[in-house]
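Residues per chain are reported as follows:
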Amino acid sequence: MKVLSVNAGSSSLKFTLFEMPEEKELISGVFERIGIENSFYTIKFNGEKIKKETELKDHKAAFELLVKELINNKIVESLDEIAGIGHRIVQGGSYFDKTVLATEDNISIVEKLSSLAPLHNPAAVVGLRAAQSVFPNATQTLVFDTAFHQTMEEEVYLYPVPYEWYTKYAVRRYGAHGTSHKYVSMRANEILDNDEARLITCHIGNGASISAVKGGKCVETSMGLTPNAGLMMGTRCGDIDATILPYIMEETGMSAKEMDTALNKQSGLLGISGVSSDSRDIEDGIKNGDERCILAQKMYVKRIVDFIAKYYVELGGCDAIIFTAGVGENSISTRMEVMEKLACLGVKPDEERNNVRGKEALISADNSKIPVYVIPTNEELMIATDTYNLAK
Ligand code: ADP
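Residues numbered from 1 in each chain as written. Predicted model: local features only at pLDDT ≥ 70, side-chain atom pairs only at ≥ 80, totals over all residues. Heavy atoms only, no water.

A. How the structure looks around the site of the ligand. Surrounding the ligand, one finds 13 residues, the nearest of these being Asn206, Gly207, Asp278, Ser279 and Gly326. One of the backbone N or O atoms of asparagine 206 is found 3.2 Å from an oxygen atom in the ligand. Between the ligand and glycine 326, the relevant distance is 2.9 Å, taken from an oxygen atom to a main-chain nitrogen or oxygen of the residue. Alone, the ligand offers 580 Å² of accessible surface; in the complex the protein occludes 68% of this. (Near = heavy atom within 4 Å. Polar contact = N/O pair within 3.5 Å; in protein donor to acceptor, adjacent residues only side chain to side chain. Areas by Shrake-Rupley, 256 points an atom, 1.4 Å probe, with all protein chains shown as cover.)

B. Layout of unusual backbone geometry. A cis geometry characterises the amide bond from methionine 20 onward to proline 21, with omega recorded as 5 degrees. Here proline 21 shows up in the loop between β2 (13-19) and β3 (24-32). Backbone geometry places alanine 170, a non-glycine residue, at a positive phi of 60 degrees. Within the secondary structure, alanine 170 sits in the loop between α5 (164-169) and α6 (178-192). The backbone of aspartate 193 sits at a positive phi, close to 55 degrees, despite the residue not being glycine. Positionally, aspartate 193 belongs in the loop between α6 and β9 (198-204). Residue class for aspartate 193 comes out exposed when judged on its relative accessible area of 72%. (Helix = DSSP H or I, 4+ residues; strand = E, 2+ residues; numbered from the N terminus. Buried < 20%, exposed > 50% of the residue type's maximum accessible area, 1.4 Å probe, protein only.)

C. Structural view of the pairing of β3. Pairing between β2 and β3: seven bridges, direction antiparallel. The residue of β3 that forms the bridge with glutamate 19 is lysine 24. Between β2 and β3, which pair antiparallel one after the other, the connecting turn spans four residues, and glutamate 23 there sits at a positive phi close to 60 degrees. In the sheet, β3 pairs with strand β4 (residues 40-45) via five bridges, with the strands oriented antiparallel. Across the sheet, residue serine 28 finds its bridge partner in β4, namely lysine 44. (Pairing = 2+ DSSP bridges.)

D. View of helix α15 (residues 379-391). Over its 13 residues, α15 runs 18 Å from end to end, which matches the ideal 18 Å to within 8%, given 1.5 Å per residue. All buried positions along α15 are accounted for by Glu379, Leu381, Met382, Ile383, Ala384, Thr385, Asp386, Thr387, Tyr388 and Ala391. Buried-residue contacts for α15 involve β1 (2-8), β2, β6 (82-89), β8 (139-144), α6 and β9. (Expected span 1.5 Å × (residues − 1). Contact = heavy atoms within 4.5 Å.)

E. Local environment of the sheet that holds β9. The six strands are arranged β11-β10-β9-β12-β14-β13 in an open sheet whose pairing can be described as mixed. With partners counted over all chains shown, the strands left at the sheet margins are β11 (217-221) and β13 (361-362), one partner each. One ladder, built from two bridges, connects β13 with strand β14 (residues 372-374); its direction is antiparallel. By the bridge assignment for β14, leucine 362 is matched with tyrosine 373.

F. Summary view of the sheet that holds β8. The eight strands lie next to each other as β5-β4-β3-β2-β1-β6-β8-β7, forming an open sheet whose pairing is mixed. Strands at the two margins of the open sheet, each flanked by one partner only, are β5 (48-53) and β7 (100-101). Packing of helix α1 (residues 59-72) onto the sheet brings it into contact with β1, β2, β3, β4, β5 and β6, and relative to β2 it is tilted by some 35 degrees. α15 rests against β1, β2, β6, β7 and β8 of the sheet, and its axis sits at about 130 degrees to β6. (Axes fitted to C-alpha atoms, helices over the stretch in contact; angles between N-to-C directions.)

G. Quick peek at the packing of aromatic side chains. Throughout the structure, instances matching the rule amount to eight aromatic pairs. On the numbers, 5.9 Å between centres and 85 degrees between planes, the contact of phenylalanine 63 with phenylalanine 135 is edge-to-face. Of this pair, phenylalanine 63 sits in helix α1 while phenylalanine 135 is found in the loop between α3 (121-134) and β8, placing the two residues 72 residues apart along the sequence. The pair phenylalanine 63 / phenylalanine 135 is uniform in exposure class, with both members buried. Three or more aromatic residues link up through ring pairs in this structure, and these residues are Phe15, Phe31 and Tyr41. Between lysine 51 and the ring centre of phenylalanine 40, over which it is positioned, the NZ or CZ distance is 4.4 Å. Taking NZ or CZ as reference, arginine 172 lies 3.6 Å from the ring centre of tyrosine 157, over its face. (Phe/Tyr/Trp six-rings, centres within 6.5 Å; stacked < 30°, edge-to-face > 60°. Lys NZ or Arg CZ within 6 Å of the ring centre and 35° of its normal.)

Just geometry here; none of it tells us what the structure is for.
Here it is as structure tokens:
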């Protein structure tokens with residue numbers, strides 16, 4: 001069965017087509033600048049990458065073009081071969097703890113949750129509607145970034161603010177990157193041959209979050225009501241003293257919207273270094289002795305270590321620490337610095353093993369009390385797997 005994994009943004013559409021249950025990736029790509037000028041798309045298959053510029057009026061036009069490419073490149077003979085389409089949804093609120101069919105009732109809840117994810121949920125619904133019209137016979141599913149974190153206990157997900165903020169405005173911790181945390185924790189359980197493993201999964205990309213997982217269930221996660229919680233990230237501040245906001249707003253006359261931009265787009269590695277949000281640029285800056293890059297990296301690593309320590313206690317020990325996503329899979333120095341700071345927990349890095357990028361690997365020494373792994377994430381495959389299980 002062929003299953004398409006879809007991630008729709010307001011002007012973009014990412015896709016990966018899998019042959020399931022073989023988990024074989026057939027083709028992937030992204031349509032960009034949908035509905036604006038200079039739109040284009042790139043597709044990757046058979047080890048080739050092709051970029052084409054073309055008008056993309058809307059998401060439906062993108063799906064229609066995708067069908068043409070699939071048929072022209074003999075990946076499918078007819079679009080009916082695509083039996084399942086899984087849609088990534090950022091915010092599922094307290095409503096969804098697993099992947100569900102895209103029924104009208106479920107879609108209306110996704111729309112209702114738009115106030116919690118104004119940039120993402122409406123765009124995902126636009127993508128879903130377009131997919132429904134182009135692939136009317138496929139089973140469409142909704143795969144939520146928040147679902148994996150729904151197993152958190154009340155005392156973990158509530159904030160110590162007036163209780164009515166929760167009951168009236170749904171203010172609580174939802175977490176994000178759930179599909180990735182679920183994927184790497186399932187893989188870690190396989191590697192460890194232990195379904196009850198206590199794991200600390202570190203999804204460190206441009207956005208970053210850490211989860212404590214026990215027996216395949218999320219116990220705690222660092223992102224909150226929104227993805228701007230927990231760790232210091234590329235451009236997001238993560239956890240800070242909340243009262244900094246009214247203080248700076250009063251001092252500077254900044255609006256709530258401007259504050260939101262400052263905390264989400266001008267903070268983190270970029271805000272401290274003044275150079276870049278990208279770990280590679282920070283690493284270059286450090287090599288050149290840039291003081292602010294050195295400081296930014298120290299703060300960044302400190303926060304990762306803080307969360308690992310916290311979750312170690314929360315889990316009552318740890319059977320493995322997992323690094324994934326852009327920085328986690330590729331930044332040898334960030335992983336090394338984190339592991340070195342965990343020496344008191346008995347973590348011992350292995351320099352040679354850690355010299356790896358983008359590949360599954362054990363990166364700790366044999367006598368490390370906690371094994372540390374790199375496990376490349378594959379959210380697209382997780383979406384396809386859930387969709388296959390519902391469609392088959
Ligand atoms: P997101 O999905 O949140 O946009 P990714 O998980 O793709 O992010 O991570 C992107 C980030 O990964 C980049 O911003 C960069 O900081 C980091 N990254 C990618 N490659 C490398 C590398 N070779 N060394 C260090 N960091 C890297």
